[in-house]
Amino acid sequence: MRVLIVEDEAEMAGAIRDGLRLEAIAADIAGDGDTALELLSINTYDIAVLDRDIPGPSGDEIAKRIVASGSGMPILMLTAADRLDDKASGFELGADDYLTKPFDLRELVLRLRALDRRRGHKRPPVHELAGLRLDPFRREVYRDGRYVALTRKQFAVLEVLMAAEGGIVSAEELLERAWDENADPFTNAVRITVSALRKRLGEPWLIATVAGVGYRIEDGDGG
């Protein structure tokens, strides 16, 4: 399990990280909101542990961003506040659990493991097609057992194509499902991303272009 600890009290954050390591739980630390958002953009975490009162974007703002991303990452809030209203507002933001400071490290470990088990039951199915294996939960792609590193956008496009199970997916549908609502419908972003994805997956090409219709995954040369 890998967790992100967002806590501006350096001594406490270090103690949490060291304690979690003894429990075989890897932890990264962010001392402010900006660092937390940067780490979330480049790493994949199983759970986020958020202190609500931190410099920069608050723990509440980070929770909103995590929920909006659609990653399904569980959120455990840390706070010195013990009032019911504070807890209620945290849950409304999308928190899955709440721990009031000061707390026992053992309790944190138990809550993290409970959240991880609960998330495991909700894991989306792994897609396998034409020698490709895409795991949406771990955000990993393998081709014939070889790991393929993809950007977030490439992963999103491949996920849509694989979910179609060999069916044709139009450029418009890819734009709708792999980009946000602000995407320009006249952009060539889909073509560029598919081309880069095809190269990342390697030869023989697996993504076929169906002229005037869209794209599909097939065995052998796709053209």
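What counts, and at which threshold
- The residue numbering used here restarts from 1 in each chain and proceeds along that chain's sequence as written.
- Thresholds applied to this predicted model are a pLDDT of at least 70 for local features of residues and 80 or more for the giving and counting of side-chain atom pairs; totals over whole chains, interfaces and linings are not thresholded and use all residues.
- The basis for every side-chain value is the complete set of heavy atoms in the structure, and neither hydrogens nor water enter the calculation.
- By convention, a stacked pair of Phe, Tyr or Trp rings (six-membered ring in the case of Trp) has centres within 6.5 Å and planes under 30 degrees apart, an edge-to-face pair has planes over 60 apart, and any other such pair is tilted.
- For every residue, the accessible area (1.4 Å probe, protein chains only) is compared with the maximum for its type, and the residue is labelled buried under 20%, exposed over 50%, or partly exposed between those bounds.
- For helices, the axis comes from a line fit to the C-alpha atoms of the stretch in contact; other axes are also lines fit to C-alpha atoms, and the angle between any two N-to-C directions lies between 0 and 180 degrees.
- Helix numbering and strand numbering both begin at the N terminus, where a helix is a DSSP run of H or I of at least 4 residues and a strand a DSSP run of E of at least 2.
- Roughly parallel refers to an angle under 35 degrees, roughly antiparallel to one over 145, roughly perpendicular to one between 65 and 115, and oblique to any angle outside these ranges.
- In what follows, residue pairs with any heavy atoms lying within 4.5 Å of each other are defined as contacts.
- Note that Gly is not counted as nonpolar here; it falls among the polar residues with everything else outside the nonpolar set of Ala, Val, Leu, Ile, Met, Phe, Trp, Tyr, Cys and Pro and the charged set of Asp, Glu, Lys and Arg.
- A pair of strands is treated as paired once DSSP finds two or more bridges between them.
- Helix crossings fall into two classes, left-handed where the near helix is turned counterclockwise from the far one by less than a right angle and right-handed where it is turned clockwise.

Peer 1: Let's hear about the packing of aromatic side chains: which residues, and what values?
Peer 2: Scanning the entire structure with this criterion turns up one aromatic pair. On the basis of an interplanar angle of 65° and a centroid distance of 5.5 Å, the ring pair of Tyr142 and Tyr147 is categorised as edge-to-face. Its relative accessible area of 27% is what places Tyr142 among the partly exposed residues. The partly exposed category is assigned to Tyr147, whose relative accessible area is 46%.

Peer 1: Any details on the packing of helix α6 (residues 152-163) against helix α8 (residues 189-201)? Residues and values, ideally.
Peer 2: Between α6 and α8, whose axes approach to 10 Å, the crossing angle comes to 90°. For the element pair α6 / α8, the angle class is roughly perpendicular. Residue-level inspection shows Lys153, Gln154, Val157 and Leu158 of α6 in contact with α8, the latter providing Thr193, Val194, Ala196, Leu197, Arg200 and Leu201. Partitioning the contact of α6 with α8 into residue classes produces six nonpolar, two polar and two charged.

Peer 1: Describe the sheet that holds strand β8 (residues 140-143), listing the residues and the values that go with them.
Peer 2: Reading across the sheet, the four strands line up as β6-β7-β8-β9 and stay open at both edges, with antiparallel pairing between neighbours. At either end of the open sheet lies a strand with only one pairing partner, and these are β6 (127-129) and β9 (146-147). Pairing analysis gives two bridges linking β8 to β9, with the strands arranged antiparallel. Looking at the pairing, Tyr142 lines up with Tyr147 of β9. Seen against the sheet, α6 touches β6, β7 (132-135) and β8 and runs at an angle of roughly 115° to β7.

Peer 1: Explain the packing of helix α2 (residues 33-42) against helix α3 (residues 59-69) to me, using residue names and the numbers behind them.
Peer 2: When two helices pack together, their arrangement is captured by the angle between the axes and the distance separating the axes. At a minimum axis distance of 10 Å, the contact between α2 and α3 shows a crossing angle of 20°. Between α2 and α3, the crossing angle belongs to the class labelled roughly parallel. Here α2 and α3 pass one another in a crossing that is right-handed. Within the contact between the two elements, α2 uses Gly33, Ala36, Leu37 and Leu40 and α3 uses Ile62, Arg65 and Ile66.

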